[in-house]
Amino acid sequence: MIRAAADTFNISSDEIIRNVSKLYMTEPRSFALMSLVHSQGLDYQIDGSQVNVTGSPVGVIMVDNPKFEMQLDSVNEIKTSTTAAYLSTDVTIVVADGAVVGKYDLIYVPRTGEIMRASSVSSNTLTVTRGEAGTTAAALLASDELVMLNSSYAENAVSGDIRFKNTTFDYNYTQIAREPYGNSRTEQGTKKYGIDNSYDRKKKMALIDMLRKNNGNMWVGGRSIDSTNKFRTTGGVINFIDSANVYDVNNNLTQAEFEYWMRKYALAYNNTKKTLFASSKLIEKINSWASDKVVYTSNAAVNKFGLSVKTYTTAWGDLDIVYESYFDEVSSLNGYGVCLDLNLIKFVYFVNGVLRAFDDIQENDRDGRKGEWLMEFGVQVNVPKAHAILKGV
């Protein structure tokens, strides 16, 4: 039974999140993902031993249901493909996804250069006119790529049908984590040269242990619910990234291949500036490519909590690179790099489960003092195809 008042720093609006985020300054290199997600939207000014925090904590959200939703898709696609071969004279064509085609859309066929015009759309079946916009009709192959151009309406025509596409969602659970700390009465009273056995030190070390384990949970945790034993586990980031965005270099990463991965996977969707959490193997490999072609500079604007952040710049976008020590500690993640759009990653707290300390919760007859850190948390990974994994470095 918890009998003591909780140490919640300051229980007013988002001020509690601002103060909790300061905790990640205790040992930031041990939990890079937690540090950067908590610092999203916040600015830190260090004045001596005082840390002043301004801004809005956009990387942390509150939920009031232990099962919460995550948005899967963002902008609509502008491409589809044919499902069969067609003659140059065929005007009825079945495509893989008719939802991306609107009435009177122009449809470009990259392989042949032909432009078609959709006169009607029924599910995945299109009625088209061939060889429009000064192009020549050509036979279509099965799986030919079709790219949507703007619509081309006749003068004084009425508008077409609304294309409505429901937003799709995945879900995750919140997980209750608790980290006890404390010491005996005798230990509290024992003085040793150069060693701090104080209750406050035990409390701080328990916090560091909890945050390190929580950082791992954010990466590799699995989503589950045990209705019998009444506990839930939250799924980690890696488990929600689109499997099509996992690229294995099989121990043969070159600069050209790394930049191909950036263009084709890491920066292909949503923002063209993202964060790459990298193992030491990957960072060493990138460092070995020192050349005039690479702009690889310190980025003071995104440095957080003493974390060293570098920016790798290309014509198609930038990656802020930060060392994630967890990838070196876990053998299955050695040689990993995970690119995240941090605008789409949220650390979730259950509404009354924000990280906090409870002191003096020991039993009445315990000859010592006991406390615990407690939080109910989760991870929200929106738009899985906006993130990417590079492995096998």
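Scroll up to find the structure.
Keep in mind that what you see is a predicted model, and the values were worked out from it rather than measured.

Draft legend 1. Expanded view of the overall build of the protein chain. Looking only at helices and strands, the protein chain features eight helices and 25 strands. Each of the 393 residues in the protein chain was classed as buried or not, and the buried ones make up 46%. Looking at the protein chain alone, contacts between residues at least 24 apart form 71% of all its contacts between residues at least 6 apart. Put simply, the protein chain shows about 19,800 Å² of open surface, and 48% of that area lies on carbon and sulfur atoms.

Draft legend 2. Summary view of the sheet that holds strand E10 (residues 125-132). Across the sheet, which stays open at both edges, the six strands sit in the order E6-E11-E8-E9-E10-E7 with antiparallel pairing between neighbours. In this open sheet, the two strands that pair with only one neighbour each are strand E6 (79-81) and strand E7 (92-94). The average undirected angle you get between the axes of adjacent strands in this sheet is 40 degrees. Bridge count for E7 against E10 is three bridges, and the pairing is antiparallel. Paired with Ile93 across the strands is Leu126, a residue of E10.

Draft legend 3. Looking closely at the pattern of salt bridges. Going through the model one piece at a time under the given rule, you end up with 14 salt bridges. In this structure, Lys213 and Glu179 form a salt bridge, with 2.9 Å as the shortest nitrogen-oxygen distance. Of this pair, Lys213 sits in helix H4 (residues 199-220) while Glu179 sits in strand E13 (residues 175-184), placing them 34 residues apart in sequence. On the accessibility criterion, Lys213 (52% relative accessible area) is exposed.

Draft legend 4. Broad picture of the nonpolar core. Ranked by internal contacts, the top residues of the largest apolar core, which has 47 residues, are Trp219, Val237, Phe277, Val338, Leu340 and Phe347. The element that contributes the greatest number of residues to this core is H4, accounting for seven residues. Setting aside residues no more than four positions away along its own chain, Leu340 makes contact with Leu33, Trp219, Val237, Ile241, Lys274, Thr275, Phe277, Ile345 and His387. The next biggest cluster of nonpolar side chains, apart from the first, holds 22 residues, and it includes Phe258, Leu267, Tyr312 and Cys339.

Here is what the cut-offs are and how they apply
Residues numbered from 1 in each chain as written. Predicted model: local features only at pLDDT ≥ 70, side-chain atom pairs only at ≥ 80, totals over all residues. Heavy atoms only, no water. Helix = DSSP H or I, 4+ residues; strand = E, 2+ residues; numbered from the N terminus. Buried < 20%, exposed > 50% of the residue type's maximum accessible area, 1.4 Å probe, protein only. Contact = heavy atoms within 4.5 Å. Areas by Shrake-Rupley, 256 points an atom, 1.4 Å probe, with all protein chains shown as cover. Pairing = 2+ DSSP bridges. Axes fitted to C-alpha atoms, helices over the stretch in contact; angles between N-to-C directions. Salt bridge = Lys/Arg side-chain N within 4 Å of Asp/Glu carboxyl O. Core = buried A, V, L, I, M, F, W, Y, C linked by side-chain atoms within 4.5 Å.

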